[in-house]
Amino acid sequence: MSLDVDIRKRYDDFELDVQLQAGSERVALLGASGCGKSLTLRCIAGVETPDEGRIVVDGITFFDSCVGVNLSPQERACALLFQNYQLFPHMTAEENVCAGMRDAQSGWGMRGPAHDARRRARSFLQIFGVAELAERYPAQMSGGQQQRVALARMLAAGPQILMFDEPFSALDSYLKSALEQTLLDVFSVIDRNVLYVSHDIDEACRLCDRICVMHNGRIEESGTAYELLARPQTLAGMRLTGCKNTSRARRVSATEVEALDWGMTFDVGREVPSDVAYVGVRARHIHRDRERRVGERGRNSFDVRVARVSDSRFERLVLLDPPLGDARSRIQWKVDMVDVSRDELPHEGETLRLHFDASKILLVSR
């Protein structure tokens, strides 16, 4: 299975310019709202038409502006699942899935006697745990149930490429987790291209083999979750992979960089690029400095004031005032609260000496 996309589409205030190649793998398009993720899927599905370029899926040309090829959505062996499910309201769950099979041109979809179609429809509903809802209409189902029926219909169509546009964004965390695991089970036994749109780095890490960071209509960088987390190449890559602390940067020496927005200079212990533009520190890569002799200060250790704290279930978010007066932003520090007494946690108003791990400080040039 293969996917080759090279397309451009222009609007008055936005331009999509995407090049993407994939094999039999699960690829996430990760980006902020309005960056072109969903538009890319819609172009592949034939819902939108690029101004120019080429889209080829498993050797079949869906679109080629040079030779005038533009298959209709019905002719493209692909399935796109939106956030709003798009079930036919006048059909039962079983009938919705059967509709997908009647439209299938290849794969595991089928055209045949009605009883065979119903039997297979129920088998797909069973995969997602909603076989007992086969006779219900969408209006009689919860949002989560409708989503599972939509997933069953999607698989029943037998597409060559499966595309998901933030399908779980409206679900509660428990159901979302269960459906993610079901999808992973399905992905493990089918040989299909998968494109998954998300703005959630954790979701992308759980579901996909490779992540493409999108920004302003372009794919800025691509890699495994580990590669993007350890060494992002762009400011967008840092922020979209969850780096809460970013600052404009200036090279001070071969191994030193100044965070201009914080008034802090770090020795990163490696060559600082001459064109470094931004520095980043993940909220979990900050620690209390170890005990030292009086007057001794460690490399990359700073005295900072705790401006505010707020707690979630398992961690405390600590907002720190950086040394620079009137700083543009505060530094975020996440502290694990599991098996830690409340007296040991940071508190508002304290001044703490904190250490920033040189090996975890991120540097990018754009």
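Above this note sits the structure.
Residues numbered from 1 in each chain as written. Predicted model: local features only at pLDDT ≥ 70, side-chain atom pairs only at ≥ 80, totals over all residues. Heavy atoms only, no water.

Attention now goes to unusual backbone geometry. Phi is positive for Glu166, which is not a glycine, with a value near 45 degrees. Under the relative-accessibility criterion, Glu166 is labelled buried at 12%. At Asn300, a position not held by glycine, the phi torsion is positive, near 65 degrees. Accessibility expressed as a relative area gives 6% for Asn300, which makes it buried. (Buried < 20%, exposed > 50% of the residue type's maximum accessible area, 1.4 Å probe, protein only.)

Summed over all chains, the structure comprises six aromatic pairs. Taking the centre distance of 5.7 Å and the plane angle of 35 degrees together, the rings of Phe164 and Tyr196 count as tilted. Residue Phe164 is located in strand 8 (residues 161–165), and its partner Tyr196 is located in strand 9 (residues 193–198); the two are separated by 32 residues in the primary sequence. Each of the two residues, Phe164 as well as Tyr196, counts as buried. On the numbers, 5.8 Å between centres and 80 degrees between planes, the contact of Phe302 with Phe356 is edge-to-face. You can see Phe302 sitting in strand 17 (residues 301–311) and its partner Phe356 sitting in strand 20 (residues 351–356), a full 54 residues away along the chain. A single burial state applies to Phe302 and to Phe356, both of which are buried. An aromatic cluster is defined as three or more aromatic residues linked by ring pairs; in this entry it consists of Trp262, Phe266, Phe302 and Phe356. One cation-aromatic arrangement involves Arg153 over Phe88; the distance from NZ or CZ to the ring centre is 5.3 Å. (Phe/Tyr/Trp six-rings, centres within 6.5 Å; stacked < 30°, edge-to-face > 60°. Helix = DSSP H or I, 4+ residues; strand = E, 2+ residues; numbered from the N terminus. Lys NZ or Arg CZ within 6 Å of the ring centre and 35° of its normal.)

The next subject is the nonpolar core. Ranked by size, the top nonpolar core spans 47 residues in total, and within it Val97, Leu125, Phe128, Val149, Leu151, Leu162 and Phe164 carry the most contacts. Ignoring sequence-local partners within four residues, the contact set of Leu162 consists of Ala79, Met154, Leu155, Phe187, Ile190, Arg192, Asn193, Val194 and Leu195. Formed by 28 residues, the second largest nonpolar core is a distinct cluster that contains Ile55, Phe62, Leu80 and Val197. (Core = buried A, V, L, I, M, F, W, Y, C linked by side-chain atoms within 4.5 Å. Contact = heavy atoms within 4.5 Å.)

Attention now goes to the pattern of salt bridges. Considering all chains together, one arrives at 29 salt bridges under this definition. When the shortest N-O distance is used, the salt bridge between Arg10 and Glu15 registers 3.8 Å. Across the pair Arg248 and Asp261 runs a salt bridge, and its minimum N-O distance is 2.7 Å. Taken together, the residues span a long stretch of sequence, with Arg248 in strand 12 (residues 245–251) and Asp261 in the loop between strand 13 (256–259) and strand 14 (264–267) at a distance of 13 residues. What you see here is one network of salt bridges that share partners, running through Asp6, Arg8, Arg10, Glu15, Asp17, Glu52 and Arg218. (Salt bridge = Lys/Arg side-chain N within 4 Å of Asp/Glu carboxyl O.)

This part takes up the sheet that holds strand 7 (residues 78–81). Judged by pairing direction, the sheet is mixed, and its six strands sit side by side in the order 7-8-9-3-10-11 without closing on themselves. Because the sheet does not close on itself, it has two edges, and the strands there are strand 7 and strand 11 (218–223). When the angles between neighbouring strand axes are averaged without regard to direction, this sheet yields 20 degrees. Pairing of strand 3 (residues 26–30) with strand 10 (residues 210–215), which is carried by four bridges, proceeds in the parallel orientation. Looking at the pairing, Val27 lines up with Arg210 of strand 10. With respect to the sheet, helix 4 (residues 143–156) is in contact with strand 7 and strand 8, its orientation differing from that of strand 7 by roughly 170 degrees. (Pairing = 2+ DSSP bridges. Axes fitted to C-alpha atoms, helices over the stretch in contact; angles between N-to-C directions.)

Let's shift gears to the sheet that holds strand 13. Taken in spatial order, the five strands of this open sheet run 14-13-12-15-21, and their pairing is antiparallel. The sheet terminates laterally at strand 14 and strand 21 (362–364), the two strands that pair on one side only. On average, each strand axis in the sheet is tilted by 35 degrees relative to the strand beside it, whichever way the strands run. As paired elements, strand 15 (residues 278–281) and strand 21 share three bridges and run antiparallel to each other. By the bridge assignment for strand 21, Gly280 is matched with Leu362.

Moving on: the pairing of strand 15. Judged from the four bridges that link them, strand 12 and strand 15 form a sheet pairing that is antiparallel. In the strand pairing of strand 15, Asn245 is matched with Val281.

Take the environment of Glu291 next. Tracing the chain through its elements places Glu291 in the loop between strand 16 (286–288) and strand 17. Judged by relative accessible area, Glu291 falls into the exposed class, the value being 75%. Sequence spacing of Glu291 and Lys334 is 43 residues, and the spatial spacing of their C-alpha atoms is 21 Å.

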